[in-house]
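As a plain string of letters, each chain reads:
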Number of protein chains: 2
Amino acid sequence: MPKKIIPEADTSTEEKIKTAARKVFIQKGFAATRTRDIAEEAGINLALLNYYFRSKEKLFNEIMMEKMQQFFGILLPVVNDPSTKLETKIELMVSNYIDMLSMNPDLPLFVLSEMKGQSGKIKNILPVQKITDKISFMKQLKEKRPDINPIHFLMNILGMTVFPFVAKPAFELIAATNKNQLEAILQERKKLIPIWVKAMLRAK
Amino acid sequence: MPKKIIPEADTSTEEKIKTAARKVFIQKGFAATRTRDIAEEAGINLALLNYYFRSKEKLFNEIMMEKMQQFFGILLPVVNDPSTKLETKIELMVSNYIDMLSMNPDLPLFVLSEMKGQSGKIKNILPVQKITDKISFMKQLKEKRPDINPIHFLMNILGMTVFPFVAKPAFELIAATNKNQLEAILQERKKLIPIWVKAMLRAK
DNA sequence: GTCTATAACCTGATAGAC
DNA sequence: GTCTATCAGGTTATAGAC
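All values reported here derive from a predicted model rather than from experimental measurement.

The subject of this paragraph is the interface of chain A and chain B. Counting residues at the interface gives 56 residues for chain A, matched by 56 residues for chain B. A combined buried area of about 5,000 Å² lies between chain A and chain B, and 77% of that area is made up of carbon and sulfur atoms. Linking chain A with chain B are two salt bridges. Applying the counting criterion to the chain A and chain B interface returns 15 residue pairs in polar contact (both at pLDDT 80 or more). Those elements that place two or more of their residues in the side of chain A that touches chain B are α1 (13-32), α4 (56-73), α7 (107-115), α8 (119-125), α10 (151-166), α11 (168-174) and α12 (179-202) of chain A. Considered class by class, the residues forming the side of chain A that touches chain B number 39 nonpolar, nine polar and eight charged.

What follows is the structure, encoded as structure tokens:
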């Protein structure tokens, strides 16, 4: 058996550093993260981080772009699909997001925090698919409610779906529920939000 | 005319530092803020910051508690008032928040980011009014929809109202609108969200 | 109370041995 | 490729003069 040329993606040093960087950056944000934290988490030496990624910022940018694609990318295939009807799109958006955010609860706060004040820079790096009136989802909304800017409904769906994850520490603090109850409530919303959005679309 | 004993609250050195600290902390967060930034913004010397507040962390805690009260405090008088009906509460919550957030757009992301992982610590410092079933607003929701946990509607209202501010950089990036159009859309939501919430409350 | 100067520490990055 | 040791620069906090 020949020697393996391509190492396991998960066990190569470079990948170990990236895995550690994902965890630490997402948990603490760019500014509060020390390269030493990442090195320790990866079980490697600090110098290796710079050997592979040259700087903290370059490593961060790789993770950031990856996480932005994870956060926004889940939306695009759904809203762009002209073969599904509006109701189906809404159900898919909500359940896809809730499933993904349940496994990555820190993702939205990380992405939204780090995007702040950086959107100019990001625009040049990440190929951004603009949500225009040509997008299937927006067309369907406009057709159903020509009197309301479709961006409102996008805000509503994302607000109802994503905000509870962003504000989870706040809800844990002020709501008289424990963490497990809160998790159950978030799962419940996969069924409820589409019902509510449909009611909104009918509201006059 | 006697010499002024109590100096203008806004012009005392201590208040100048706090004003600067509010601005810088909210804009950049705790970790990315340097005490030098605050001193420069306040137009005073770096040493004075420690003379008045002993440390960066103590100064931050004062601002943080203040901002948490601003963020959550706007809610409590409304949801606790047994003399208003449900519809009125919803309208007040939405328009109070949108007005306040329009003037403090960075507030929610600041509070929610800095609360993360700190909620245990905060619980001991800030007197937290729990949102239980005894709160007027929750009682009214439970009465109207006994089949749904009232926290869902709180999440919906806050999600639709606050999330667009949290995600403003994202919307500016992906939505095909400029900043002024986005501001107008957010104002429009003061009228629309209560209509939608009422439709949700009827939805079966 | 306010300043300058500096201490004490921390952090990102690199040099150089293996 | 990986390590140890260390540098260079920056950051919080304080000492001490005014």
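What follows continues from the structure just given.
Moving on, we get to the environment of Ile151(A). Take Ile151(A): it is sitting in helix α10. When the C-alpha atoms of Ile151(A) and Leu141(A) are compared, they prove to be 9.1 Å apart, with 10 residues separating the residues in sequence. Those residues in contact with Ile151(A) that sit more than four places away from it in its chain are Met138(A), Phe171(B), Ala175(B) and Ile185(B).

Its rotation angle being 180°, the transformation that places chain A on chain B also includes 0.0 Å of axial translation and leaves an RMSD of 0.1 Å. On the angle and the small slide along the axis, the relation comes out as a two-fold axis. Rotation axis and chain A: the residue whose C-alpha lies nearest the axis is Gly159(A), separated from it by 2.1 Å. Of all interface residues in chain A, 100% are interface residues in chain B too; the two copies therefore contact each other through one and the same surface.

Another point: the protein's contact with DNA strand C. Surrounding DNA strand C, one finds 16 residues, the nearest of these being Arg34(A), Lys56(A), Thr13(B), Asn45(B) and Tyr52(B). The sugar-phosphate share of atoms of DNA strand C within 4 Å of the protein amounts to 60%. Arg36(A) is positioned such that a nitrogen or oxygen atom in its side chain is 2.8 Å from a base nitrogen of DNA strand C. Take Lys56(A): an N or O atom from its main chain is 2.7 Å from a phosphate oxygen of DNA strand C.

Cut-off values and rules
Residues numbered from 1 in each chain as written. Chains lettered and ligands numbered in written order. Predicted model: local features only at pLDDT ≥ 70, side-chain atom pairs only at ≥ 80, totals over all residues. Heavy atoms only, no water. Contact = heavy atoms within 4.5 Å. Buried area = accessible area lost by both parts, 1.4 Å probe. Salt bridge = Lys/Arg side-chain N within 4 Å of Asp/Glu carboxyl O. Polar contact = N/O pair within 3.5 Å; in protein donor to acceptor, adjacent residues only side chain to side chain. Helix = DSSP H or I, 4+ residues; strand = E, 2+ residues; numbered from the N terminus. Nonpolar A, V, L, I, M, F, W, Y, C, P; charged D, E, K, R; others polar. Least-squares fit on C-alpha atoms with pLDDT ≥ 70 in both. Near = heavy atom within 4 Å.

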